[in-house]
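Residue-level structure breakdown
One-letter residues, chain by chain:
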Amino acid sequence: MSGNTLGTLFRVTNFGESHGPAIGAVIDGCPPGLPLTEADIQVELDRRRPGTSRHVTQRREPDTVEILSGVFEGQTTGTPIGLLIRNTDARSRDYTNIADTFRPGHADYTYWKKYGIRDPRGGGRSSARLTAPTVAAGAVARKWLLQECGVRIRGYMSQLGPIPIPFDSWDHVSTNPFYAPNAQIVPQLEAFMDQLRHDGDSIGARIEVQAEGLPAGWGEPIYDRLDADIAHAMMGLNAVKGVSIGSGFDCIAMRGSEHGDELSPDGFLANHAGGVLGGISSGQPLTVSLAVKPTSSIRVERRSVNRANDPVMVQTIGRHDPCVAIRATPIAEALLAIVLMDHALRHRGQCAR
Ligand SMILES: Cc1cc2nc3c(=O)[nH]c(=O)nc-3n(C[C@H](O)[C@H](O)[C@H](O)COP(=O)(O)O)c2cc1C
């Protein structure tokens, strides 16, 4: 199975399965001399961790990271950084009933069709558990970006199912389990999720991710455009069905006289472009929006087939996120960090004087 590496100069390779002994990432290309400890990484993993509220999966994984290589006396050495996270709460019996059937909306069907063999325990390689190594690698990129370039990355949930979440303040984001930038709406979100769990169903959501402080000039023309690489990385996140930059699909109904961001001697007067022009960063904040689909593993009975193609009804019992987007914000931030660090190094390689 290939396709497990992200990046060109800052390369992150992800390995493992949901219910194997461990998962992890190997980072190749991190410059030497970056102060790095497990605590720098753990703080980000703790933001993604399951079991932290009643609105997410109750799988209890400490997600403790171990740095296996690439760091000496608290600094990166420039050699591959090996990051390991042991799986400690794998209840494989939860999945015996779905080993032979395909959950509508999950990867069971396509993995079976492609490989003819699959590890159904916890979704195997298709499990969002594999986003933990992404977050771990992203923590390294975040630290480097902030220290070397003053780039800050953050995100929030802007819509939960039918409920838009008006932006109030960044200060609220870390005070609730939804990453909602609005404290007042949290009781409404909680009531909605409680009803949903009662119904045994799931829901989609919209996540916003932003990077501020990056200079103009990161990115490449044509295929390796900065926005193309961001979309590629974000679509690599489980359950993401849409990625847009800046005004995104709203540009359809806009005129050029509205959408094109005017310039003044003091800078741009708007940011419909979302910080990218011609695939290259403009120096404006980079704004990315994600559409995340509802969880496919639900208690509601759905029609499907088994491996023999007989019709069956599928009901998924077990520990699942009723809205996967609730834990997706730190993962999307990590992906943005990985892409930006890669492009920062690429820009430095070609254009630094
Ligand atoms: C943070 C996160 C948690 C997730 N948790 C679950 C889950 O508990 N149950 C589930 O069926 N899918 C979950 N998913 C989604 C599946 O991993 C994903 O739908 C599946 O791999 C199929 O891939 P696709 O939706 O990208 O087509 C989660 C996704 C994310 C980002």
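A brief look at the structure comes next. (Residues numbered from 1 in each chain as written. Predicted model: local features only at pLDDT ≥ 70, side-chain atom pairs only at ≥ 80, totals over all residues. Heavy atoms only, no water.)

A few words now on the pattern of salt bridges. Under the criterion given, the structure shown has 24 salt bridges. When the shortest N-O distance is used, the salt bridge between Asp194 and Arg197 registers 2.8 Å. Placement of the pair is Asp194 and Arg197 together in helix H4 (residues 186–199), with a separation of three residues, close to one helical turn. A relative accessible area of 27% places Asp194 in the partly exposed class. Through salt bridges that share partners, Glu220, Asp224, Asp229, Asp342 and Arg346 make up one connected network. (Salt bridge = Lys/Arg side-chain N within 4 Å of Asp/Glu carboxyl O. Helix = DSSP H or I, 4+ residues; strand = E, 2+ residues; numbered from the N terminus. Buried < 20%, exposed > 50% of the residue type's maximum accessible area, 1.4 Å probe, protein only.)

So, on to the site of the ligand. The ligand sits among 16 residues. The nearest are Ser126, Lys293, Ser297, His320 and Asp321. Ala239 is positioned such that a nitrogen or oxygen atom in its backbone is 2.9 Å from an oxygen atom of the ligand. Separating an oxygen atom of the ligand from a backbone N or O atom of Asp321 is a distance of 2.8 Å. Here the ligand, which alone exposes 630 Å², has 86% of that area covered by the protein. Its residues assigned to classes, the shell around the ligand shows six nonpolar, seven polar and three charged. (Near = heavy atom within 4 Å. Polar contact = N/O pair within 3.5 Å; in protein donor to acceptor, adjacent residues only side chain to side chain. Areas by Shrake-Rupley, 256 points an atom, 1.4 Å probe, with all protein chains shown as cover. Nonpolar A, V, L, I, M, F, W, Y, C, P; charged D, E, K, R; others polar.)

For the rest of this paragraph, the subject is the sheet that holds strand E3 (residues 22–28). Spatially, E1-E2-E3-E7-E4 is the arrangement adopted by the five strands of the open sheet, whose pairing is antiparallel. At either margin of the open sheet sits one strand with a lone partner, and together these are strand E1 (5–6) and strand E4 (65–67). Lying over the sheet, helix H3 (residues 131–149) contacts strand E2 (11–16), E3 and strand E7 (81–86), oriented at roughly 35° with respect to E3. (Pairing = 2+ DSSP bridges. Contact = heavy atoms within 4.5 Å. Axes fitted to C-alpha atoms, helices over the stretch in contact; angles between N-to-C directions.)

Next up on the list: unusual backbone geometry. Backbone geometry follows two general trends: most residues other than glycine have a negative phi, and most peptide bonds adopt the trans configuration. Its identity is not glycine, yet Asp63 carries a phi of approximately 50°, on the positive side. Positionally, Asp63 belongs in the loop between helix H1 (38–48) and E4. Positive phi, close to 70°, is recorded for Asn309, a residue that is not glycine.

To continue, consider the nonpolar core. Nonpolar side chains in soluble globular proteins tend to be buried together. Membership of the largest hydrophobic core comes to 75 residues, with the highest contact counts inside it found for Ile41, Leu160, Leu290 and Leu340. Element by element, the count of residues in this core is highest for helix H7 (residues 329–351), at 12 residues. For Leu160, the contacting residues outside a window of four places in its chain are Ile165, Phe178, Leu189, Phe192, Met193, Ile203, Gly204, Ala205 and Cys323. (Core = buried A, V, L, I, M, F, W, Y, C linked by side-chain atoms within 4.5 Å.)

Computed from the structure, the second largest pocket encloses a volume of approximately 560 Å³. Breaking the lining of the second largest pocket down by element, the ones donating at least two residues are H1, H3 and strand E8 (152–160). Its residues assigned to classes, the lining of the second largest pocket comprises nine nonpolar, five polar and 12 charged. (1 Å grid on protein atoms, 1.4 Å probe; cavity = no way out; pocket = protein on both sides within 12 Å on 5 of 7 lines; lining within 4 Å. Points joined across faces, edges and corners; volume = space filled by probe spheres on them.)

A separate point is the packing of H1 against H3. Packing of H1 against H3 leaves a shortest axis separation of 8 Å and a crossing angle of 135°. Here H3 runs oblique to H1, going by the angle between their axes. Considering how the two elements wind past one another, H1 and H3 form a crossing that is right-handed. When H1 is examined against H3, the residues Asp40, Ile41, Glu44, Leu45, Arg47 and Arg48 are found in contact with a partner set consisting of Thr131, Ala132, Val135, Ala136, Ala139, Val140, Arg142 and Lys143. Here the residues of the contact of H1 with H3 are counted per class, giving seven nonpolar, one polar and six charged. (Parallel < 35°, antiparallel > 145°, perpendicular 65-115°, else oblique. Left-handed = near helix turned anticlockwise from the far one by under 90°.)

This paragraph deals with the pairing of E8. Across the nine residues of E8, seven count as buried, placing the element largely inside the fold. In terms of strand pairing, E8 meets strand E10 (residues 205–212) through eight bridges, oriented antiparallel. The residue bridging Ile153 from the neighbouring strand is Ala211, located in E10. Between the antiparallel neighbours E8 and strand E9 (residues 163–164) lie two residues, among them Gly161 with a positive phi of about 55°.

This next bit is on the sheet that holds strand E12 (residues 240–245). One open sheet holds the five strands; their spatial order is E9-E8-E10-E17-E12, and the pairing between them is antiparallel. Looking along the sheet, the strands with just one partner apiece sit at the ends: E9 and E12. Two strands pair when backbone bridges link them, and E12 and strand E17 (residues 286–292) are joined in this way by five bridges, in the antiparallel orientation. In the strand pairing of E17, Val243 is matched with Leu290. In the packing of helix H5 (residues 226–235) onto the sheet, contacts are made with E12 and E17, and the angle to E12 comes to roughly 160°.

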